[in-house]
Amino acid sequence: MIVTLELGDLVAKGRVSIVVERCKACGFCVEFCPTHVLALSSAFNSKGYHPPHVVHPEKCSGCDLCGMYCPDFAINGTKIPQASAKQASGGEK
Ligand code: SF4
Ligand code: SF4
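In this text the structure is predicted, and so the values were computed from the model without any measurement.

Caption draft 1: Layout of the overall build of the protein. When helices and strands are tallied, the protein shows four helices and four strands. Ordering the α and β elements of the protein from the N terminus gives α-β-α-β-β-α-β-α. A buried classification covers 16% of the 93 residues belonging to the protein.

This is the structure in structure tokens:
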């Protein structure tokens, strides 16, 4: 069996920032992320909540749906310009 991989499939198009201390663990960001980038962590923040963490960074599109649903402004997604994404992955220089 021959498996082919396109480099573009492996390069994240977005990244997520999480302000752990603002999170109240409602799970909206995990539930509504269309590509299942996030999961609630087993760790606690200082308020005793389980914040999300990134489990599939390569799948993030930077769509910011997580940020739009978060009631506590604790997370946001941003798009990565494709030239820098390729450089970060060791692709085109
Ligand atoms: S939507 Fe916001 S408050 Fe809710 S789990 Fe995600 S980061 Fe935490
Ligand atoms: S920016 Fe979009 S793809 Fe990335 S974690 Fe947030 S909802 Fe998911």
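Caption draft 2: Quick look at the site of ligand 1. Near ligand 1 there are 14 residues, and of these Cys23, Cys26, Cys29, Cys70 and Ala74 occur at the shortest range. Split into classes, the residues belonging to the shell around ligand 1 amount to eleven nonpolar, one polar and two charged.

Caption draft 3: Structural view of the site of ligand 2. The full set close to ligand 2 counts 14 residues, and Cys33, Cys60, Cys63, Cys66 and Gly77 are the nearest of them. Within the residue set of the shell around ligand 2, elements represented by two or more residues are strand 1 (14–18) and helix 3 (65–69). Residue composition of the shell around ligand 2, grouped by class: eight nonpolar, five polar and one charged.

Caption draft 4: View of the environment of Ser61. Within the fold, Ser61 resides in the loop between strand 3 (52–54) and helix 3. Sequence separation of Ser61 and Thr35 is 26 residues, and the distance between their C-alpha atoms is 8.2 Å. Setting aside chain neighbours within four positions, we find Ser61 in contact with Lys13, Gly14 and Thr35.

Caption draft 5: Representation of unusual backbone geometry within the structure. Phi is positive for His36, close to 55°, though the residue is something other than glycine. Even without being a glycine, Phe73 presents a positive backbone phi close to 50°. Among the structural elements, Phe73 can be located in the loop between helix 3 and strand 4 (75–79). Classification of Phe73 as exposed rests on a count of 10 C-beta atoms within 10 Å.

Caption draft 6: The environment of Pro34, seen in detail. Note on placement: Pro34 falls in the loop between helix 2 (28–32) and strand 2 (38–40). For the pair Pro34 and Lys59, spaced 25 residues apart in the sequence, the C-alpha separation amounts to 9.5 Å.

Conventions we followed
Residue indices begin from 1 for each chain and proceed along its sequence in written order. In the order they appear in the text, chains get letters beginning with A and ligands get numbers beginning with 1. For this predicted model, a pLDDT threshold of at least 70 governs which residues receive local features, and a threshold of 80 or more governs which side-chain atom pairs are given and counted, while totals over whole chains, interfaces and linings are taken from all residues. Numbered from the N terminus, helices here are DSSP runs of H or I no shorter than four residues, and strands are runs of E no shorter than two. Buried means a residue has 20 or more other C-beta atoms within 10 Å of its own C-beta, exposed means 12 or fewer, and partly exposed covers the counts in between; C-beta atoms are placed from the backbone. Being near a molecule or strand means, for a residue, that its backbone-placed C-beta atom lies within 6 Å of it. Gly counts as polar in this scheme, as do all residues outside two lists: the nonpolar Ala, Val, Leu, Ile, Met, Phe, Trp, Tyr, Cys and Pro, and the charged Asp, Glu, Lys and Arg. We call two residues in contact if the C-beta atoms placed from their backbones are at most 7 Å apart.

Any functional reading would require information beyond the geometric quantities listed.
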